[in-house]
Amino acid sequence: MHPFKYGKTVDLKEAINQLGSQPKANLIAGGTTLVDLLRLNVVTANHLIDINQLPIANIEIFEAKSSPEIGARIGALARNTDVAMHKQIIKNYPLISQAILSGASPQLRNMATVGGNVMQRTRCAYFRDTAVPCNKREPGSGCPAIGGLNRSHAILGTSESCIAVHASDMCVALVALDAQVLLSGPQGERKVALVDFYLLPGNHPEKENLLKPGEIIVQVELPHSPFAKHSHYLKVRDRESFSFALVSAACALEIKNGKIVDARIALGGVATKPWRALDAEKLLLGQSPSEGLFAKAGEVSILGAKPQKSNAFKVELTKRTVKRALLAAVGE
Amino acid sequence: MAGKIGESEQSAKYVGKAVNRVDGHSKVTGAATYAAEHKIDDLVYAALIQSTIAKGTITKMDTSEAERLPGVKVIITPFNAPRLSSKSTPSGRSLLLLQDKQVQHDRQNIGLVIADTWESASHAASLVKVSYKQTEPQVEIEKHATYEKLKSTTSEIGKQISAAGHKRGDFSQAFASGAHKVDQIYSTPMESHNPMEPFAVIASWEGEHLTLYDTTQAVFATRKTVAEHFDIPESHVRIISPFVGGGFGSKLSTWSHVILAAMAARKVNLPVKLVLSRAQMYGPVGFRPKTIQRILLAADKNGKLTAIRHDNINETSHFEDYVEASTHTTSRMYACPNLITSQNQVALDIGTPTWMRAPGEAPGSFALESAMDELAYELGLDPIELRVRNYPEKDPESGLPWSSNSLRECYKVGAEKFGWHKRNPEPKSMRAGKDLLGWGMAAATYPTYRMAANAQVTILPSGEALVQAGSQDIGTGTYTIMSQVAADTLGLPIEKIKFELGDSTLPRTPLSGGSMTAASVGSAVQLACQTALNSLIKTAIADQVSPLYQAKAESIVARDEGLYLSSDSKKGERLTDIIKRNKLKQVVGKAESKPGNEDEKYSMHSYGAIFAEVKIDSDLVRPKLTRMVGAYGAGKILNLKTARNQMFGGMTFGIGMALMEHTLIDPKLGRIMNADLAEYHLPVNLDVPNLDVIFIDEHDPHINPLGAKGIGEISITGVAAAIANAVYHATGKRIRDLPITIDKIM
């Protein structure tokens, strides 16, 4: 590990200043991704700015009457465990709780923050090993995963430059529920939809999100959710616990009079960013829930997939996972 | 004469019981000192530089930036490394020791930085810029040993190690005329040992004398290898290894980093500590090689095997042969007059493989026991019935009688416990709720090894005994079972036994491998205790004041901290009284215990039967192991608690082998790409269901004085096949390539 300067700050503006004014400064909160990457020399920082004491760890829940737009505000420094165990989150947004609890281990979830989880880096083995080329880590050096070991890699949102999969579970649920992130930077605050916060790799896989220099994620906002009754996060992986998704699906339905009036399907483990399967969602609208319908949604959710040699199984597995998550969402 | 444990069951207070680990407290409190934890004055730290390519030549190592870091003392590379002795060919592994600039595998040790802190050393190591002239590596055994080539003839592929094969009868003719046949290819992947404690060593020179605090399964072999490399007498080298945090075979060998640490310590003239990171252990310290195995079975219409052929090919490095002896067990597992086995290697640009828990037996039993399941379906026979019909009444290879063999009882007891009779053999026929339910079984075996071992016992005037043997405790409970043996033999409470091991200055013992420590060292400890007691008995019966004066030595037994007549439990006295009255400083018993010619008279092995249950969601198809029962005939079980613990460990190892373990190499780069415990999957708690272990009450008077067979390795054997057979039963899909993952079942 390369030596770095370490400092704490209790002031958001100061954090933004420090982050924006130095080329190799990094924020550190839970550190569950960053410390790994520092040890691997994948990230070399000159300055770590510890933001754990910034006052942005609150979880606030709002009633529709008093707050028609916003159902919940989750501070960027809220710990994953605190979010997953929060009674109102479990009641109003069970999908988020399930997704968080399906990831990592209790120890990691106790450390990891919501903002850090949004910023989680890919688990692509080539990205994490400085001995080998990687376009994301070293632009232009090549992508050995294409034509190499790619069983765990993405089949959606890929490019000729990068097929690295987005690793988060929580963000898949957040994207399904139309979460927005509040960013604060030298030019002030702005809000973006989480699904748009992430960029597709294209020719620049090193550029992963919309963050501008000095910008910090301060909060995640959720609209009121009509999905609490009918939602399910299903994660398929190689062992029972403590491993990343081969495929995951965050599915949520709003059902009125036996008909689906709103539907959300987001995919994890198969795409370069948390992935909304919009066409599959549309297909469900106005329909009555049935296994056949859900199987069709599964088919549609993966249209346009570009599998590699070793991850072709993810196409079929995604179809089945979506079907099963939808079935589980209606209690089957 | 003091009683032998095997002979006087009723007198055993500790042996055979569930005794707590004598070192348990020190381990859970952190007091147990592992290799890297020894406090040494003036210690400096080394960090390895490893190759990032798999094949080529190092053209330059730019150390200038690294050398400028504060605290860096020296950087050793192939360009400046001290030349090692070329007088003799050192024993042990072929080690790559910075003596040339060739790179022969990924993560080859190509240098080390020594600095006054670990942080400086590892930072400096990352700043050394290495230039290579690269060559395209060959790392895929499949390119050299294709299915088609295997189908034609195995022996033309790779280097055949003919000595390792077996041949009896006329296989070709018998197979040709077989009524029911199986002919399949099975494969197992490269797997990494991943002991919890990483490799670690502290090297300290005093003049021409070297002390190594090392994590090793073999203190004496390490001493020999190190002495030879530095061309100094073995007596000048001391290896200290009181605790080992798992090795699973990887720590049986002295690998290059041990020699390099000693080289570095000599160069800086200070003690050097070198600890490998998890990632640095994927390559230069061994692994289980990938195997490709072809099995042909033929049986008559009654299910009697008429022909067996088992060919194994495994990968090895270009600089050392290694045979994964997958076919060894096959020659004697079933009664069959016609058999051929062969073992072959393909050299690739990888590190050298090594023994990993049940080397040979673990991958070999996956192939053979899967093939037997396939044959059972071919015949329409229950897989247990097929195995029973082919049970060999004596060793079919050597013709020798078994010293003991409880295999049929293992089938019976295991099947009863598992509820096997409720099994519908039809694939996909059983359900657990909506899930497919699969039940599979396999047989297991492992040879009973024993080697010469020494021990020394010192009975002190306090009534305590110090028992010493070089040996190692690799987490299996050696401290505990040796203390039990000593306590029972000496008639002392176990609290009065202090057992010391893990030091090459203690009495010589074999390595901790081949599941033989209990049998080898235990027999020596018992004999040494008897020798010490005999000396005390001699003193007592010559002592006019002793109640045992003029008693016959054979009539005296040791119990309750004293010596007493076996016929009159009140006649006798305490050990301390004899010692005190006769003004003895201490009573010493030394002994060597070694095998005789029993292996010429008997074929000696442990046997077992494993039963596995999997539940599989019909959409998502990941096999979830829900139950496993293993029944074993492994001779005398010395400690029920540590034995069950070791069986659980081995079965869990087998679960990993069956369902997830796989060291992944990039086919073009030759680089291992999952060199950490996040991506190299081992079972987590949720992957391990309730495991049920049954030991058959087996008395074997032939194998060794303790009657113990060893259990470390039979515990993994057969597990992968039992699970694969359960997956077939659940899904109708026969997975012949480990690990059994979702993509393969879909």
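Residues numbered from 1 in each chain as written. Chains lettered and ligands numbered in written order. Predicted model: local features only at pLDDT ≥ 70, side-chain atom pairs only at ≥ 80, totals over all residues. Heavy atoms only, no water.

Asker: What am I meant to see in the domain arrangement of chain A here?
Answerer: How big an interface is tends to be reported as the loss of accessible area on association of its parts. Domains assigned within chain A are domain 1 (5-50) and domain 2 (231-329). Relative to domain 2 of chain A, the C-alpha centre of domain 1 of chain A lies at a distance of 36 Å. (Domains from an automatic or database assignment.)

Asker: How should the pairing of strand E10 (residues 200-206) of chain B be read in this particular structure?
Answerer: When a strand is regular, its side chains alternate between the sheet's two faces. Residues and elements named next belong to chain B. Where burial is concerned, most of E10 is hidden: six out of the seven residues are buried. Bridge count between E10 and strand E13 (residues 272-275): four bridges; the pairing is antiparallel. By the bridge assignment, alanine 203 is partnered in E13 with valine 272. In textbook terms, the turn of a hairpin is the stretch between consecutive antiparallel strands, and for E10 and strand E11 (residues 209-214) this stretch comprises two residues, one of which, glycine 207, has a positive phi near 60 degrees. (Buried < 20%, exposed > 50% of the residue type's maximum accessible area, 1.4 Å probe, protein only. Helix = DSSP H or I, 4+ residues; strand = E, 2+ residues; numbered from the N terminus. Pairing = 2+ DSSP bridges.)

Asker: Help me understand the packing of helix H13 (residues 478-490) of chain B against helix H14 (residues 517-541) of chain B in this model?
Answerer: Packed helix pairs are specified by the crossing angle of their axes together with the interaxial distance, meaning the distance between the axes. Residue and element names in this part refer to chain B. The N-to-C vectors of H13 and H14 enclose an angle of 30 degrees; their axes lie 9 Å apart at closest approach. Considered as vectors, H13 and H14 are oriented roughly parallel to each other. The crossing of H13 and H14 is right-handed. Where H13 approaches H14, its residues Thr478, Ile481, Met482, Val485, Ala486, Thr489 and Leu490 are matched on the opposing element by Thr517, Ala518, Val521, Gly522, Val525, Gln526, Cys529, Gln530 and Leu533. Among the residues making up the contact of H13 with H14, the classes are represented as ten nonpolar, six polar and no charged. (Axes fitted to C-alpha atoms, helices over the stretch in contact; angles between N-to-C directions. Parallel < 35°, antiparallel > 145°, perpendicular 65-115°, else oblique. Left-handed = near helix turned anticlockwise from the far one by under 90°. Contact = heavy atoms within 4.5 Å. Nonpolar A, V, L, I, M, F, W, Y, C, P; charged D, E, K, R; others polar.)

Asker: Honestly, empty space enclosed by the protein in this entry has me stumped. Any pointers?
Answerer: All names here are of chain B. Applying the stated criterion to the full structure yields nine cavities of 30 Å³ or more. The space that makes up the largest cavity amounts to roughly 190 Å³. Its residues assigned to classes, the lining of the largest cavity shows ten nonpolar, six polar and five charged. Each pocket or cavity is described by its volume, and for the second largest cavity that value is around 110 Å³. Considering each element in turn, the lining of the second largest cavity owes the most residues, three residues, to strand E27 (residues 623-633). Taken together, the residues of the lining of the second largest cavity break down into seven nonpolar, one polar and six charged. (1 Å grid on protein atoms, 1.4 Å probe; cavity = no way out; pocket = protein on both sides within 12 Å on 5 of 7 lines; lining within 4 Å. Points joined across faces, edges and corners; volume = space filled by probe spheres on them.)

Asker: Just checking my understanding: could you explain the interface of chain A and chain B for this structure?
Answerer: Contacts between the two partners involve 34 residues from chain A, matched on the other side by 34 residues from chain B. Of all residues in chain A, A:Leu149, A:Arg239 and A:Glu240 bury the most surface against chain B, accounting for 25% of the area lost on that side. For the interface between chain A and chain B, the tally reads nine salt bridges. Linking chain A with chain B are 14 residue pairs in polar contact (both at pLDDT 80 or more), by the criterion used here. At the level of elements, strand E9 (231-236) and helix H12 (313-329) of chain A are the ones that each hand at least two residues to the side of chain A that touches chain B. Of the residues contributing to the side of chain A that touches chain B, the split by class is 15 nonpolar, seven polar and twelve charged. (Buried area = accessible area lost by both parts, 1.4 Å probe. Salt bridge = Lys/Arg side-chain N within 4 Å of Asp/Glu carboxyl O. Polar contact = N/O pair within 3.5 Å; in protein donor to acceptor, adjacent residues only side chain to side chain.)

Asker: Quick question: what am I supposed to make of the sheet that holds strand E8 (residues 216-222) of chain A here?
Answerer: Strand pairing in a sheet relies on backbone hydrogen bonds, with the paired strands running either antiparallel or parallel. Residue and element names in this part refer to chain A. Taken together, the five strands give an open sheet; going across it, the order is E4-E5-E8-E6-E7, and neighbouring strands pair in antiparallel fashion. Among the strands making up the open sheet, the edge pair consists of strand E4 (59-61) and strand E7 (188-193). Strand-to-strand twist across the sheet, computed as the mean angle between neighbouring axes with direction ignored, equals 20 degrees. Where strand E5 (residues 72-75) and E8 come together, four bridges link them in antiparallel fashion. Looking at the pairing, alanine 72 lines up with leucine 222 of E8.

Asker: Just to check I follow, could you spell out the sheet that holds strand E19 (residues 453-459) of chain B for this structure?
Answerer: All names here are of chain B. Here we have four strands laid out as an open sheet, ordered E21-E20-E19-E25, and mixed in their pairing. Looking at strand neighbours, the two that pair on one side only are strand E21 (497-500) and strand E25 (587-593), the edges of this open sheet. Neighbour to neighbour, the strand axes of the sheet diverge by 15 degrees on average, direction disregarded. Across four bridges, the pairing between E19 and strand E20 (residues 465-468) is antiparallel.

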